[in-house]
Amino acid sequence: MRPFRKEAAFCLPVRKWRGPVAQRSDIVVIGGGIIGLAVARKLCLAGCAVTVLEQHRTGRGASWAAAGMLAPHCEFDEPDPYFILCRTGLERYAGFIETLKEETGCPIDYNATGMIYPALSDRRQAKLETRYERHRREGVPVERLTVREARRLEPDLSNQVRMALRYPDDHQVENRDVVTALAKSVRLHGGKVREGVTVRSIVLDGPRVTGVDTTDGLWNAPKVVIAMGCRSRYLDGVSPAHQVPVRPVRGQILALRTGAVPPFRHTIFTHEVYLVPRSDGRLIVGATIEEAGFRDEVTLGGVLQLFRGALGLAPGLASCPLESTWSGLRPVARDGWPVLGATGTPGLFAASGHGRNGILLAPLTGDLIAEAILNDRVPAIMQPFLPDRFYPIEPEEAN
Ligand SMILES: Cc1cc2nc3c(=O)[nH]c(=O)nc-3n(C[C@H](O)[C@H](O)[C@H](O)COP(=O)(O)OP(=O)(O)OC[C@H]3O[C@@H](n4cnc5c(N)ncnc54)[C@H](O)[C@@H]3O)c2cc1C
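Residues numbered from 1 in each chain as written. Predicted model: local features only at pLDDT ≥ 70, side-chain atom pairs only at ≥ 80, totals over all residues.

Student: Would you mind going over the overall build of the chain with me for this structure?
Tutor: Check the secondary structure of the chain and you find 10 helices and 21 strands. Taking 21 Å as the expected radius of gyration for a compact globule of 399 residues, we find that the chain reaches 24 Å, a close match to that expectation. When the backbone C-alpha atoms are referred to their principal axes, the chain occupies close to 95 × 75 × 40 Å. Burial status across the chain gives 45% buried among its 399 residues. For the chain, restricting intrachain contacts to residue pairs at least 6 apart in sequence, the fraction spanning at least 24 positions comes to 74%. (Helix = DSSP H or I, 4+ residues; strand = E, 2+ residues; numbered from the N terminus. Rg over C-alpha atoms; globule rule 2.2 N^0.38 Å. Buried ≥ 20, exposed ≤ 12 C-beta atoms within 10 Å, placed from the backbone. Contact = placed C-beta atoms within 7 Å.)

Student: So what exactly am I meant to see when it comes to the packing of helix α1 (residues 34-45) against helix α9 (residues 358-375) here?
Tutor: Two quantities define a packed helix pair, namely the angle between the helix axes and the distance between the axes. Two numbers describe how α1 lies on α9: the axes approach to 8 Å, and their chain directions differ by 40°. In terms of orientation, α1 and α9 fall into the oblique class. Viewed along their axes, α1 and α9 form a crossing whose handedness is right-handed. The residues of α9 that touch α1, namely those facing I34, I35, A38, V39, R41, K42 and L43, are G358, I359, A362, P363, T365, G366, D367, I369, A370 and I373. (Axes fitted to C-alpha atoms, helices over the stretch in contact; angles between N-to-C directions. Parallel < 35°, antiparallel > 145°, perpendicular 65-115°, else oblique. Left-handed = near helix turned anticlockwise from the far one by under 90°.)

Student: What exactly am I supposed to notice about the confidence of the model for the chain here?
Tutor: Atom-level detail of predicted coordinates should not be read off regions where pLDDT is low. Summary statistics for the chain give a mean pLDDT of 93 and a share of 93% for residues scoring 70 or more. The low-confidence segment residues 1-17, where pLDDT is below 50, has 1 contact with residues more than four positions distant or belonging to other chains. (pLDDT = per-residue confidence, 0-100.)

Student: Looking at this model, I keep getting lost on the pairing of strand β12 (residues 208-214). Mind explaining?
Tutor: In this structure, strand β11 (residues 199-205) lies alongside β12, joined through 6 bridges in antiparallel fashion. Counterpart to V203 in the pairing with β12 is G211. Hairpin connection of β11 to β12: 2 residues between the antiparallel strands, including G206 at a positive phi of 65°. Connecting β12 to the next strand, strand β13 (residues 217-220), in antiparallel fashion are 2 residues. (Pairing = 2+ DSSP bridges.)

Student: Teacher, can you tell me more about the site of the ligand here?
Tutor: If you check the shell around the ligand, you find 41 residues, and the closest are G33, G61, G229, G251 and G358. Elements that contribute at least two residues to the shell around the ligand include exactly α1, β3 (50-54), α2 (62-65), β15 (246-257), β19 (322-333) and α9. When grouped by side-chain class, the residues that make up the shell around the ligand number 17 nonpolar, 19 polar and 5 charged. Looking at which domains feed residues into the shell around the ligand, each of domain 1 (23-64 + 177-245 + 335-398) and domain 2 (112-169 + 247-331) supplies at least three. (Near = placed C-beta within 6 Å. Nonpolar A, V, L, I, M, F, W, Y, C, P; charged D, E, K, R; others polar. Domains from an automatic or database assignment.)

Student: Even after reading the chapter, I still don't get the domain arrangement of the chain, so can you show me in this structure?
Tutor: Much of the literature gives interface size as the accessible area that the parts lose upon coming together. Once the domains are mapped, the chain shows domain 1 (23-64 + 177-245 + 335-398) and domain 2 (112-169 + 247-331). For domain 1 versus domain 2, the distance between C-alpha centres works out to 32 Å. Listed as interface residues are 11 residues of domain 1 and, on the opposing side, 6 residues of domain 2. A per-class count over the side of domain 1 that touches domain 2 returns 3 nonpolar, 7 polar and 1 charged.

Student: Where do I start with the sheet that holds strand β5 (residues 110-111) in this structure?
Tutor: Strand pairing in a sheet takes place through backbone hydrogen bonds and is either antiparallel or parallel in direction. Read from one edge to the other, the open sheet built from 3 strands follows the order β4-β9-β5, with strand pairing classed as antiparallel. A strand with exactly one partner marks an edge of an open sheet, and here the two such strands are β4 (69-70) and β5. Direction of pairing for β5 relative to strand β9 (residues 171-173): antiparallel, over a ladder of 2 bridges. What sits directly across from N111, in β9, is Q172.

Student: So what exactly am I meant to see when it comes to the nonpolar core here?
Tutor: In terms of nonpolar packing, the biggest core is built from 111 residues, with I30, V39 and V225 touching the most fellow members. In terms of residue count, α9 provides more of this core than any other element does, 10 residues in total. A domain-level breakdown of this core finds at least three residues from each of domain 1 (23-64 + 177-245 + 335-398) and domain 2 (112-169 + 247-331). Other than its neighbours up to four places away in sequence, V39 contacts V29, V225, A227, A351, T365, G366, I369 and A370. (Core = buried A, V, L, I, M, F, W, Y, C linked by C-beta atoms within 7 Å.)

Student: I tried to follow unusual backbone geometry on my own but got confused; where do I start?
Tutor: Across residues other than glycine, the phi torsion is negative in most instances, and most of the peptide bonds are trans. Of note, the amide linkage connecting G286 to A287 takes the cis form, showing an omega dihedral of -25°. With a phi close to 50°, D376 is a non-glycine residue in the positive phi region. When you line up the elements, D376 lands in the loop between α9 and α10 (395-398). Looking at D376, the number of C-beta atoms within 10 Å reads 8, which means it is exposed.

Student: Sorry, what's going on with the sheet that holds β3 here?
Tutor: One open sheet accounts for 6 strands, arranged β10-β3-β2-β14-β21-β20; its pairing is mixed. Edge positions in the open sheet fall to β10 (192-195) and β20 (339-342), since each of these has one partner strand only. With direction set aside, neighbouring strand axes in the sheet form an average angle of 20°. In this sheet, β10 lies alongside β3 in parallel orientation, the contact comprising 4 bridges. Counted as the bridge partner of V52 is V193 from β10.

Student: Looking at this structure, I do not really get the packing of helix α4 (residues 81-104) against helix α7 (residues 175-188). What am I missing?
Tutor: The N-to-C vectors of α4 and α7 enclose an angle of 60°; their axes lie 9 Å apart at closest approach. For the element pair α4 / α7, the angle class is oblique. The handedness of the crossing between α4 and α7 comes out as left-handed. Counting all contacts with α4, which are made through L100, E103 and T104, the residues of α7 involved are A181, L182, K184, S185 and L188. A per-class count over the contact of α4 with α7 returns 4 nonpolar, 2 polar and 2 charged.

Student: Which parts of the structure should I look at to understand the environment of W326?
Tutor: By the secondary structure assignment, W326 is in strand β19. By the C-beta count within 10 Å, which is 14 here, W326 ends up partly exposed. Setting aside its immediate chain neighbours within four residues, W326 contacts A65, I253 and V298.

Okay, here's the thing in structure tokens:
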């Protein structure tokens, strides 16, 4: 008997069939940045079948570019709802990081030393004195430091400093560690994280979302979360009235190599430039705020602005090697506040527009969006951030 010979066709590699058969999840999250991952993790913990679809690599958008400051007290002047949201976000952060480290075994560089906001001019000093009085009246944890006290805490600060405020409760975290741990956590809790899959449009059955159309085929899901960062507006199939009105705002940023021990223990914050010490000896200098559309390059003007600002705060930095420069696009909504919760399209949720505070707000956003999806509940703190604040007024209402 002749030995059996395989037909040539049998030797062809078997292709996985991805034709018309759609994949399925309880919930699809579009975008694997820190916001999408935090939402996905929370939903996985509640037992949902969740898939995160990320067009590039997870966490490599704005979430990778950030400085990781968790600084509501430094950032905000007024105790408005956005400040309250950010302060609540901060209250949950340290516990969130501890749990995430335990779950995943991933190291996360977290610094709770606090922040120093120095004044280098008479004008800024007057502003900080007023800020100090107001913050004290409002019960914000803040200390007023004389020049001597400030330089005793941070000897490398410029001798041009007039006075400073210290915010002991503002922290900072290595945001890249957080996104790496979050992606791991989602997978550990049974979620799927698919990289290299671009969502092209939502799929509707009447007014209701039933899934998404992607470069890897159809995905059926009765709930879909838009967490596409600065691209959240660009999703086909969403009615123009229900789009998430977010635009990119560029931030250029750089890292100096300062030796084994960074020159600062605190983050040094001003509204123009900040210095964030990492425990690996890098000092992060950030960040510009620019309307540059989707252009995410680093420019000479941007870097110059950061150099000038950094040297104004600490002239000794002039001898530090420049390690790297990069930039990112913050997702900023029309009114500057995050966009959180159910959109006007049933089944479609928004988790976007976190601007300068997306690292800080990620854990809280995960909690709030999960609450909205699973229990159809809008916690009071989330009310001012609902997407329907942008919806056009019906003609009869306008009359
Ligand atoms: C220079 C700079 C400094 C910052 N510093 C701080 C700080 O100190 N503290 C702080 O709290 N915040 C800071 N931020 C803000 C913070 O980084 C952002 O608010 C946050 O990262 C937003 O997260 P995100 O997940 O919404 O967006 P991203 O991280 O940009 O993630 C969105 C993801 O969606 C994906 N996506 C988009 N479209 C699609 C599609 N069609 N299909 C599939 N995937 C898609 C993208 O590829 C991307 O990965 C800073 C930002 C910048 C740029």
